[in-house]
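Here are the chains, one letter per residue:
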Amino acid sequence: MTSEKQQKLEALALRVREHIVRLSTDGGCFTGASLSCADLLVYLYADCLNVRPDNLTDPTRDYLFLSKGHDVPALYGTFVELGFIDKARLDQHLSTDDHIYWHPNRNVPGVEFHSGSLGHLPSVALGVAMDCRMRGQDNKVIVITGDGELNEGTVWESLLVASAHKVNNLTLVVDRNHFQANVATEDLIPLEPLAPKFEAFGCEVRRIDGHDFAQLEEAFAALPFSDTKPSVIICDTVRGRGLPSIEARADRWFCNFSSEEVTELLKELHTQEATRLTSETLTVR
Amino acid sequence: MTMTYEELIKETALADERIVVMTAENRALIRNLPAVLGPRFIDTGITEQTLIGAAAGLALRGRVPILHALATFLTLRAFEFIRTDVGIGQLPVKLSGFVPGFLSDGNGPTHQAIEDVSLMRGIPGMTVFAPADEADMLAMLPAIWASPAPAYVRINTRPATYEHTPFEMGKAEIVAEGTDITILTYGMLFEQTLVARELLMQQSKSVGLINLRSLKPIDEEALLAVARRGGLLVTVEDHFVTGGLFSILAEVLLRHQLTARVLPLALEERWYRPGRLSAVLEYEGFTGHHIARRITEHLGESGASIAAGPAVLENQFAE
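Just so you know, these numbers come straight off a predicted model, no measurement behind them.

So, how was this worked out
- Residues numbered from 1 in each chain as written.
- Chains lettered and ligands numbered in written order.
- Predicted model: local features only at pLDDT ≥ 70, side-chain atom pairs only at ≥ 80, totals over all residues.
- Heavy atoms only, no water.
- Pairing = 2+ DSSP bridges.
- Helix = DSSP H or I, 4+ residues; strand = E, 2+ residues; numbered from the N terminus.
- Axes fitted to C-alpha atoms, helices over the stretch in contact; angles between N-to-C directions.
- Parallel < 35°, antiparallel > 145°, perpendicular 65-115°, else oblique.
- Contact = heavy atoms within 4.5 Å.
- Nonpolar A, V, L, I, M, F, W, Y, C, P; charged D, E, K, R; others polar.
- Buried area = accessible area lost by both parts, 1.4 Å probe.
- Salt bridge = Lys/Arg side-chain N within 4 Å of Asp/Glu carboxyl O.
- Polar contact = N/O pair within 3.5 Å; in protein donor to acceptor, adjacent residues only side chain to side chain.
- Core = buried A, V, L, I, M, F, W, Y, C linked by side-chain atoms within 4.5 Å.
- Buried < 20%, exposed > 50% of the residue type's maximum accessible area, 1.4 Å probe, protein only.
- Right-handed = clockwise from strand over helix to strand, strands pointing away.
- Left-handed = near helix turned anticlockwise from the far one by under 90°.
- Phe/Tyr/Trp six-rings, centres within 6.5 Å; stacked < 30°, edge-to-face > 60°.

A. View of the sheet that holds strand β10 (residues 214-216) of chain B. Residue and element names in this part refer to chain B. A sheet is described by the order of its strands in space; here 7 strands give the open sequence β2-β1-β3-β4-β6-β5-β10, paired in mixed fashion. Sheet topology places β2 (41-43) and β10 at the edges, where each strand pairs with a single neighbour. On average, adjacent strands in this sheet sit at an angle of 20 degrees to one another, irrespective of strand direction.

What follows is the structure, encoded as structure tokens:
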């Protein structure tokens, strides 16, 4: 990945994180969960998928299904930055005048399907992928799940079916932030070793750092991983990424901050990001 | 009617590219479709939830999936998937529930879909149908599949013993009008109510009979008309008394502030005793003779004149 592209994506991700922090007040949102997949969503929509505001009804577009519905603030932020929706709509968060609330729904342009009940969209994405294949289209069908969501049997059930039907245009991406809602995954329902589990279910698996744009680019460029198997990309991520004061904390899944706290967090975000950008820019050079 | 259920699906699917036939490994009635439909026949294996989700995905892409699974697992095991993916999505997914109600005769309580009408009609936008027999079903399916609404059909391939009137969405079939008693029913018990009506008429009673067919939308006009006509209304159904036709009738009457004398013949707070279909009807009191006697006794008369007659029924298949 060129450093120019890297900087562009990082700047975009920073702005998406700002949106997430701003949505974390006055009713709040799933802040920690959203921050872990901000980089992933930014990379996918800004640099990878063939989905734009002007092709949302084109059946040959790529599809992204956010099965982990809590992450929708990251999706809203990405959609604002890329022109899918107007920024003013975020001011309507939790207002019944709009459809901007805690889970994705199709009244928001770019959202392919509603979610919130966990373990649903792997099978919906499977149906879409099957139809794309039936029509000879080679567009990507991506579904993002949380790692806590992997407790749901239907995730595995749909992979068994996808594998049996050799649906290789389906890619399951796991936002592996190591937390369920309130508890660390390994303390409740341990998932490791995770990659072999997916392999045993007939999938071709890669595991990457979900905050590293270069690794994201390399993994997604290699899709499909197999001619006959569904692909799985496990993205190791950090809950609350970008805000050290809330990173990797079980109690920062859902946050409802005061406006003073939001101001402080925005400062923290910029300080951290400035430090990171500087150090990484130096490292690259 | 010369066409079978399978042939109707085949003809419809061959004429309409949008149709995809899916099953959770329930092929009893559709064994010949895989060879004919190729990739438009999808068997997800014993995965009712994934079946529903994948159907929603296919419907998002403009397909009209017709889904076959055992009624109880389809409506119960996958209930939240139907409600959430199909219901909230308002997608034209057509649910075909095999062996609903008493048609699951020998399987035991695990397989008894006797709350399916209640569950399915509770989903906003979902339409619900219960054909009296195969002919009734074949007459209604084209309209159901052509509709943009999600639909649940209680699949019933029992041969017809009655020549039905043409199907009209949301309209009941008025078999007969009567002033003393009107029997309201749907599904496989229709043929037993025909017998019950004959027996009651032999007692010089004026007996009406209505095959509801379409439970959602319901024919309110027909229900209000019989309530206004007076006499005893009897709901007969192979379903729990809660949430089925008796509940529908009660809701309609109350909404219109009408009162009526109503006798619900349905399953109370228990699962039915498994056995051969004829034995089940006999044991549970749903043969034509039992129905007639229960009605007569409800009217405060002796049912002794109605001899216990056999329920002449053959089990078609067991899943």
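Next comes the rest of the write-up.
B. Looking closely at the packing of helix α1 (residues 3-23) of chain A against helix α9 (residues 213-221) of chain A. All names here are of chain A. The contact between α1 and α9 brings their axes to 10 Å, and the two run at 105 degrees. Our classification of the angle between α1 and α9 gives roughly perpendicular. Judged by residue contacts, K5, Q6, L9, E10 and A13 of α1 engage F213, A214 and E217 from α9. Split into classes, the residues belonging to the contact of α1 with α9 amount to 4 nonpolar, 1 polar and 3 charged.

C. Representation of the interface of chain B and chain A. Across the contact, 24 residues belong to chain B and 27 residues belong to chain A. Summed over both partners, the interface of chain B with chain A comes to about 2000 Å²; 61% of that surface belongs to carbon and sulfur atoms. When the buried area of chain B at its contact with chain A is split by residue, T50, L60 and R61 of chain B rank highest and sum to 35% of it. If you look at where chain B meets chain A, you find 2 salt bridges. Counting the contacts that link chain B with chain A gives 13 residue pairs in polar contact (both at pLDDT 80 or more). Elements that contribute at least two residues to the side of chain B that touches chain A include exactly β2, α3 (48-60) and α5 (79-87) of chain B. Sorting elements by how many residues they give to the side of chain B that touches chain A places α3 of chain B first, with 9 residues. When its residues are assigned to classes, the side of chain B that touches chain A shows 9 nonpolar, 8 polar and 7 charged.

D. Region of the structure containing the nonpolar core. The biggest cluster of nonpolar side chains holds 79 residues, and the ones touching the most others in it are F65 and F198 of chain A together with L95, L212 and L215 of chain B. Dropping the residues within four chain positions of it, L215 of chain B is found in contact with V117, V128, F129, A130, Y186, L245 and I248 of chain B. Formed by 58 residues, the second largest nonpolar core is a distinct cluster that contains I30, F129, F167 and L277 of chain B.

E. Up close: the pairing of strand β11 (residues 232-240) of chain B. Residues and elements named next belong to chain B. Buried residues dominate β11, accounting for 9 of its 9 residues. Here strand β8 (residues 181-185) runs beside β11; their pairing, made up of 5 bridges, is parallel. Bridge pairing links L184 to T235 in β11. Taken together, the 6 bridges between β11 and strand β12 (residues 261-267) define a ladder with parallel strand orientation. If you follow V236 over to β12, its bridge partner there is L265. Crossover handedness for the path β11 to helix α10 (residues 245-255) to β12: right-handed.

F. Molecular detail of the packing of helix α3 (residues 38-48) of chain A against helix α4 (residues 72-81) of chain A. Residue and element names in this part refer to chain A. Here α3 crosses α4 at 35 degrees, and the two axes come no closer than 9 Å. Note that α3 runs across α4; the crossing there is right-handed. Of the residues in α4, those touching α3 at A38, L41, V42 and Y45 are A74, L75, T78 and F79. Of the residues belonging to the contact of α3 with α4, the class tally is 7 nonpolar, 1 polar and no charged.

G. The arrangement of the packing of aromatic side chains in detail. All names here are of chain A. In total, this model carries 16 aromatic pairs over all chains according to the counting rule given. Their ring planes at 50 degrees and their centres at 4.9 Å tell us that F30 and W253 sit as a pair that is tilted. Here the residue F30 occupies a position in the loop between α1 and α2 (31-36), and W253 occupies one in the loop between β5 (231-236) and α10 (259-284), the gap between them amounting to 223 residues. Residue classification places F30 among the buried residues on the basis of a relative accessible area of 7%.

H. Layout of the sheet that holds strand β4 (residues 204-209) of chain A. Residue and element names in this part refer to chain A. Spatial strand order, β1-β2-β3-β5-β4: 5 strands in an open sheet with parallel pairing. At either margin of the open sheet sits one strand with a lone partner, and together these are β1 (63-66) and β4. Taken over all neighbouring pairs, the strand axes of this sheet differ in orientation by 20 degrees on average, direction set aside. Examined bridge by bridge, β1 and strand β2 (residues 141-146) share 4 bridges and lie parallel to one another. Within the sheet, the bridge partner assigned to L66 lies in β2 and is I144.

I. Just helix α12 (residues 288-298) of chain B, in detail. Residue and element names in this part refer to chain B. Among all positions of α12, only G288, H289, H290, I291, A292, I295 and T296 are buried. In this fold, the buried residues of α12 make contact with β8, α8 (190-201), β11, β12 and α11 (277-284). A positive phi of about 85 degrees marks G300, the residue just after α12.

Functional significance is not addressed by these values, which are geometric in nature.
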